[in-house]
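Below, each chain spelled out in residue letters.
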Amino acid sequence: MCEDERHSDRHSSGHGVGRRALFVTGAAAALTLGSVDFSGPAAAASGATGASGASGASGTSGASETRTVRGTLPPGAPDFVYLPVEVPTGVREIKVAYTYERPVVPAGTPGNALDIGIFDQRGTALGGEGFRGWSGGARTEFFLRVDDATPGYLPGPVRAGTWHIALGPYTVAPQGLAYEVTVTLTYGEPGEPVRPVYPPSRATGRGRAWYRGDCHLHSWYSDGRRTPAEIAALARAAGLDFINTSEHNTHSGHAHWADQAGPHPDGELLILLGEEVTTRNGHVVALGTDPGTFVDWRYRARDNRFGRYARRIRQAGGLVVPAHPHATCIGCNWKFGFGEADAIEVWNGAYGPDDEVALADWDGMLVASVREGRGGQDWIPAMGSSDAHRDPDPVGTPQTVVLADELSREAIQEGIRAGRSYVAESKAVSLSFSATGPKGQHAGIGGRLAVDRDDPVTVRLEVAGAPRCTVRLVTDQGVLHTSPALPESGSGTVEWRTTAQYASYVRAEVRHEAAAGPLPGALAAFTNPVFLGRPGR
């Protein structure tokens, strides 16, 4: 499918790339190029010059060898193109650098974008046994050795065998995507292996309480620009009790958060580990997986593979949370359906039109969950997270506030899964939302008030930190109550009376003043629902 590949002239003798092969990985079709060969007599005779400027033969300690491959991928190229690299014995470090052309394209036409990663001698099969790192389009070069690696990549031995550089042509311009990949091997004795240390799964906390968290964040271990220490400091400043790491398609950052957890003058922070599984048909946050868990991303909805990887997340102790389901960037909106979701990231970053659509879509799911005979027992809770990458992206805007028995991975996940949570734009906003029945029955967020259909129900919302905002109470019929604007103090109480026959559920929205026209203002906060009535009725 692509033009003939060739090595650079200075490495052309005996190293032409062989015939291409198109194969099916069990998911999307992928293209494998001919091998880049560093092994055998040809490699020894090449007299390759490494980055150090010293000429060295294969296997000579301290020497390095370089090969460069150039080619062009056409529009319509497969999602993944694999460049095999034959790695001989005695290699201490592998380094890869790449560039590609970015020609001018017509307005409205995507230009070139090429992602990159690498798999070791264990292969490229789905599931990721051979996975050694992925940086997407965030870096132009990376290295791996036993004692260190570029952020996004996993340190470990560089064993002999066929490695694969994974190229991901995210978008291809009409002119094609011309690229150049340079591979450098350095020989010598390996260093000492790195023993990973992970953050604890429990923090001191406050017992059963409302805990604030941000479960979608990026550091320099994927395409973010902040260090773990910078993110942790921002999280504490935002009033957060917990965060979840969520790098794109890599778990390489898991071992770099331990020193940010535990006691701290500005408050103890629980750090959950995860990944943002970034496919061509949407992104999903793996929330709170076991340390070192990798979840593969190399499939589309048409491949019918997502269920397997959703189970992988759960088997690793995590939650499946589709992210920004109506985002407008290419490949960002969610196309796998919500049958595997434990929660949905309805609010992502600064509130915008795509969040409004996601909120309405989620509300439609709530309506479907209370249809005759279902009684709201299979509903999916909502969440909100910042998806912060770099300055000036605020950490903790928004944040999910979870009622949990303790500040631990399991307790926070249980609270999220049960829907005992609300979403707020900042630590300044606090809510208390409940429903009570005629005999003193009580239910809070995510709960059910078990009353007869005609029993009177009082719904009560207490708000703090939302000056001039308006409260809307939303049911399966729609918005049935809108309050006057809250005072400048930002505090107030709203009560509304209904029955289970009139409202199968009630949830609360706190909204800023509308900018103009009939559209509502941006959210300051919203709750998961309280269900009314007896189950199955």
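Refer to the structure presented above.
Note that the structure is predicted; figures quoted are calculated from it, not measured.

Draft legend 1. A look at the nonpolar core. Core analysis: the largest hydrophobic core is formed by 42 residues, its most contacted members being Trp 297, Phe 306, Val 346, Trp 362 and Phe 526. Ignoring sequence-local partners within four residues, the contact set of Phe 526 consists of Val 346, Trp 347, Leu 359, Trp 362, Ala 382, Met 383, Tyr 422, Val 423, Ala 508 and Glu 509. Core analysis: the second largest hydrophobic core is formed by 35 residues, Ala 77, Val 85, Val 87 and Ile 118 among them.

Draft legend 2. Representation of the pairing of strand β22 (residues 399-404). Within β22, six of the six residues are buried, leaving the element largely enclosed by the surrounding structure. Of the two faces of β22, both are covered, the one formed by Gln 399, Val 401 and Leu 403 as well as the one formed by Thr 400, Val 402 and Ala 404. Pairing of strand β14 (residues 209-217) with β22 involves five bridges; the strand directions are antiparallel. Bridge pairing links Tyr 211 to Val 402 in β22. Relative to strand β23 (residues 421-424), β22 runs antiparallel, the two sharing four bridges. Counted as the bridge partner of Val 401 is Tyr 422 from β23.

Draft legend 3. Structural detail: the sheet that holds strand β30 (residues 492-498). Ordered in space as β25-β24-β27-β30, the four strands form an open sheet in which the pairing is antiparallel. Looking at the sheet topology across the chains shown, the edges are occupied by β25 (442-444) and β30. Geometrically, the sheet is characterised by an average inter-axis angle of 20° between neighbouring strands, direction not taken into account. Here strand β24 (residues 430-436) pairs with strand β27 (residues 457-464) via seven bridges, running antiparallel. Across the sheet, Leu 431 pairs through a bridge with Val 463, a residue of β27.

Draft legend 4. Structural view of the state of the cysteines. Under the definition given, this model contains one disulfide. One disulfide bridge connects Cys 329 with Cys 332, the sulfur atoms lying 1.9 Å from each other. Disulfide Cys 329-Cys 332: torsion about the S-S bond near -115°, hence left-handed. Residue classification places Cys 329 among the partly exposed residues on the basis of a relative accessible area of 40%.

Cut-offs applied
- Residues numbered from 1 in each chain as written.
- Predicted model: local features only at pLDDT ≥ 70, side-chain atom pairs only at ≥ 80, totals over all residues.
- Heavy atoms only, no water.
- Core = buried A, V, L, I, M, F, W, Y, C linked by side-chain atoms within 4.5 Å.
- Buried < 20%, exposed > 50% of the residue type's maximum accessible area, 1.4 Å probe, protein only.
- Contact = heavy atoms within 4.5 Å.
- Helix = DSSP H or I, 4+ residues; strand = E, 2+ residues; numbered from the N terminus.
- Pairing = 2+ DSSP bridges.
- Axes fitted to C-alpha atoms, helices over the stretch in contact; angles between N-to-C directions.
- Disulfide = S-S within 2.5 Å.

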